[in-house]
Amino acid sequence: MVSDAQTVPQPLPPEAVQLMTPQGAPPSALNEASERFLPYLQRLNTEAAQNIYRTMVTTRRVDQEATALQRQGQLVLWVPSSGQEGAQAGALAALAPQDWIFPTYREHAMALGRGVTPRELLLLFRGAAHSGWNAQDYRVHPYTLVLAAQALHATGYAWGVGLDQCDWTSQQRAENGEVVLACFGDGASSEGDIHESMVFAASYDAPVVFFCQNNHWAISVPFEVQSRVPIARRAAGYGFDGVTVDGNDPLATYAVTAWAAEQARSGTGPVLVEAHTYRMGAHTTADDPTKYRGRDEEQSWSALDPITRMRSYLTAQDLGDDAFFSAVDEEAEDLAAQTRQAVVSMTAETIPALDDVFAHAYAEPHPLVEAERAWHHTWEAGFAETEGENR
Ligand SMILES: Cc1ncc(C[n+]2csc(CCOP(=O)(O)OP(=O)(O)O)c2C)c(N)n1
Ligand SMILES: [Mg+2]
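Rules of the game
Per chain, residue numbering runs from 1 following the sequence as it is written. Labels follow written order: the first chain is A, the first ligand is 1, and so on. Local features in a predicted model are, by the rule used here, given only for residues with pLDDT of at least 70; side-chain atom pairs are given and counted only at 80 or more, and totals for whole chains, interfaces and linings are based on all residues. Just so you know, side-chain values use all the structure's heavy atoms and leave hydrogens and water out. Helix and strand assignments come from DSSP, with helices taken as H or I runs of at least 4 residues and strands as E runs of at least 2, each series counted from the N terminus. Burial classes follow relative accessibility: with a 1.4 Å probe on protein chains only, a residue under 20% of its type's maximum area counts as buried, one over 50% as exposed, and anything between as partly exposed. Residues count as neighbours in contact if any of their non-hydrogen atoms are within 4.5 Å of one another. A helix is expected to reach a length of 1.5 Å times the quantity of its residues less one. Our arc is simply the arc of the directions from the helix axis toward the C-beta atoms. Water is not among the atoms examined, so metal sites may look incomplete; donors are the N, O and S atoms within 2.8 Å of the metal, or within 3.2 Å for Na, K and Ca. Residues grouped as a nonpolar core are buried Ala, Val, Leu, Ile, Met, Phe, Trp, Tyr and Cys residues, joined through side-chain atoms within 4.5 Å. For this description, a residue counts as near a given molecule or strand if any of its non-hydrogen atoms is within 4 Å of it. In protein, a polar contact requires one atom able to donate a hydrogen and another able to accept it; more generally it is a pair of N or O atoms within 3.5 Å, and residues adjacent in sequence count only if both atoms are side-chain atoms. Only the protein chains shown count as cover for residues, and the accessible areas themselves come from Shrake-Rupley with a 1.4 Å probe. Gly counts as polar in this scheme, as do all residues outside two lists: the nonpolar Ala, Val, Leu, Ile, Met, Phe, Trp, Tyr, Cys and Pro, and the charged Asp, Glu, Lys and Arg. UniProt positions are given in the numbering used here, feature names are shortened, and annotations may be inferred rather than shown by experiment. In this description, strands pair whenever DSSP reports at least two bridges between them. Each axis is a line fitted through C-alpha atoms, and for a helix only the stretch in contact is used; angles between axes span 0 to 180 degrees, taken between their N-to-C directions. By convention, a stacked pair of Phe, Tyr or Trp rings (six-membered ring in the case of Trp) has centres within 6.5 Å and planes under 30 degrees apart, an edge-to-face pair has planes over 60 apart, and any other such pair is tilted. The rule is short: NZ of Lys or CZ of Arg within 6 Å of the ring centre and within 35 degrees of the ring normal puts a charge over the ring.

Q: What should I look at first to understand the environment of Ala 201 in this one?
A: Following the sequence through the fold, Ala 201 ends up in helix H9 (residues 192-203). We classify Ala 201 as buried; its relative accessible area is 0%. Apart from residues lying up to four places away in sequence, Ala 201 is in contact with Thr 155, Ala 206, Val 208, Phe 210 and Pro 270.

Following this line, the structure appears as structure tokens:
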């Protein structure tokens, strides 16, 4: 444990990697695990470090705007990411452009950081599309609300990648190899899909980085109920490496994920990263966290806010000045305004047609899907008749 970290309110497991103190300073001493990852941090140049900060701040602002839009009846539901931006932006920065991300439903910093527009992101939360973006455009798979299912999709995709790259040299792998980041939560870690994904990925050396954001809650169920041990330790049972990292330390998360991606890229199979973080807000806009957790706990985590820590770090290291921080704030405000504008101007004409849902189920036409499409049209036409009668 970093010696300066004595004030961490919720102790991290002793093996957790941490490369900045809770106050955002370079630590005066590192534990053994952290020492191992320090060289990866040296790969992060100023522009990339600033970009991590930018992604965190702009995502938080879009998150706030989306929460307000939901409260105003413009979105059906919203899933806040506040508090988890450090884990998400740190991991994203460690990926190469060709790498794929298979998110849950909360990886807004990863989606926006990869270029998904707020409009595309919010179509789903307006109930207007199953996924508002083309996954190929950003190498970000659609959000998955069925817990842990995306880990199977990620593993299956990575298995194919592994087969495509099976006769590549180690240099080809290092330069152009593709890696898949499979995101999941502490609650999802209890799902059988995670077990199956890990067994399969290990058996076939699939290039997957399993990335668990342990935000300590699965809606109202605390982490302690999900696992007797830190989730990263489970990797040993599958025969691959697992590392626990302070997920509110964006630099440590970057360094550990850079290592993890390097491992997976080399063709030796999967690795597991467990990022300890905290969901500062409600599980979704349909949840009230005051019913199951205390204010003290929230306040202690708020002292570890990844944005505040990263800002302190950039300032202390002369990597960001007032002009930089103001420009980021301005960008975040602009993005929030674009978010609002995009959502309130969504109309029946601008949102994707429901027919699209049926169009993309299979690559080729399928009789069952065609039958479902026909049923749906009949069902919708029934509403038109009722409306006519009521007039
Ligand atoms: C298969 C399945 N079971 C149950 C649910 C209901 N559900 C939605 S989110 C959630 C908790 C997930 O917690 P965690 O994996 O820790 O992710 P977090 O929401 O904390 O990011 C549950 C039980 C679901 N969506 N899918
Ligand atoms: Mg959770």
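Next comes the rest of the account.
Q: Teacher, can you tell me more about H9 here?
A: Because each turn of an α-helix spans 3.6 residues, side chains separated by three or four positions in sequence point in the same direction. When the terminal C-alpha atoms of H9 are compared, their 17 Å separation across twelve residues agrees well with the 16 Å that a helix rising 1.5 Å per residue should span. All of the buried residues along H9 are Ile 194, Ser 197, Met 198 and Ala 201. Buried positions in H9, seen along its axis, are confined to an arc of 95° and lie on one side of it. Considering only its buried residues, H9 is in contact with helix H7 (149-164), strand S2 (180-185), strand S3 (208-214), helix H11 (235-238) and strand S7 (271-276). Residue Asp 205 follows H9 closely and has a positive phi angle near 50°.

Q: Teacher, can you tell me more about the coordination of the magnesium ion (ligand 2) here?
A: Octahedral six-donor coordination of a metal ideally yields angles of 90 or 180 degrees, compared with 109.5 degrees for tetrahedral four-donor coordination. Of the protein atoms, only Asp 186 (OD), Asn 215 (OD1) and Trp 217 (O) coordinate the magnesium ion (ligand 2), at distances of 2.1 to 2.2 Å. Sequence positions of the residues that donate to the magnesium ion (ligand 2) give the spacing D-x28-N-x1-W. Assigned by exposure class, Asn 215 and Trp 217 land together as buried.

Q: Looking at this structure, how should I read the nonpolar core?
A: Here is a general trend for soluble globular proteins: nonpolar side chains tend to be buried in one another's company. Ranked by internal contacts, the top residues of the largest apolar core, which has 72 residues, are Tyr 53, Phe 211 and Met 310. Met 310 has contacts with Met 20, Ala 49, Ile 52, Tyr 53, Met 56, Pro 250 and Leu 251, leaving out every residue within four places of it along the chain. Counting residues in each nonpolar core, the second largest holds 23 residues, with Ala 151, Ile 194, Val 208 and Leu 272 among its members.

Q: Just to check I follow, could you spell out the site of ligand 1 for this structure?
A: Taken together, 15 residues are adjacent to ligand 1, and Tyr 105, Arg 106, Leu 145, Gly 187 and Ala 188 come closest. In this structure, an oxygen atom belonging to ligand 1 sits 2.7 Å away from a main-chain N or O atom of Ala 188. Here Trp 217 contributes a backbone N or O atom positioned 2.8 Å from an oxygen atom of ligand 1. Here ligand 1 has 590 Å² of accessible area as a free molecule, and 71% of this is covered by the chains. Broken down by class, the residue content of the shell around ligand 1 amounts to eight nonpolar, four polar and three charged.

Q: Looking at this structure, how should I read the UniProt feature "domain: Dehydrogenase E1 component" (unreviewed entry) in the protein?
A: Sites flagged by UniProt as "domain: Dehydrogenase E1 component" (unreviewed entry) map to residues 53-335. Secondary structure content for residues 53-335 is 49% helix and 11% strand, and the end C-alpha separation is 15 Å.

Q: How do you make sense of the sheet that holds strand S1 (residues 100-102) when you look at a structure like this?
A: Sheet strands associate in pairs through backbone hydrogen bonding, adopting either a parallel or an antiparallel arrangement. Here five strands make up an open sheet; going across it, the order is S1-S2-S3-S7-S6 and the pairing parallel. The open sheet has two edge strands, S1 and strand S6 (242-246), and neither has a second partner. Averaged over all neighbouring strand pairs, the angle between strand axes comes to 20°, with direction disregarded. With six bridges connecting them, S2 and S3 associate as parallel partners. Along S3, the bridge assignment pairs Val 180 with Val 208. Against the sheet, H7 engages S1, S2 and S3, with an angle of about 165° to S2.

Q: Sorry, what's going on with the side chain of Glu 85 here?
A: Tracing the backbone through its elements, the reader meets Glu 85 in helix H3 (residues 85-93). If sequence neighbours within four positions are ignored, Glu 85 has contacts with Met 56, Thr 59, Arg 60, Gly 90, Ala 109 and Pro 306.

Q: Explain the packing of aromatic side chains here, please?
A: By convention here, two paired aromatic rings are described through the distance between centres and the angle between planes. Considering all chains together, one arrives at 20 aromatic pairs under this definition. Where Phe 102 meets Tyr 157, the ring centres are 5.9 Å apart and the plane angle is 45°; that geometry is what we call tilted. Taken together, the residues span a long stretch of sequence, with Phe 102 in strand S1 and Tyr 157 in helix H7 at a distance of 55 residues. A residue is classified by how much of its surface remains accessible, and Phe 102, at 3% relative accessible area, is buried. One Lys or Arg, Arg 36, reaches over the ring of Trp 259 and ends 5.0 Å from the middle of that ring. Sitting above the plane of the Phe 325 ring, Arg 311 keeps its charged end 4.2 Å from the centroid.

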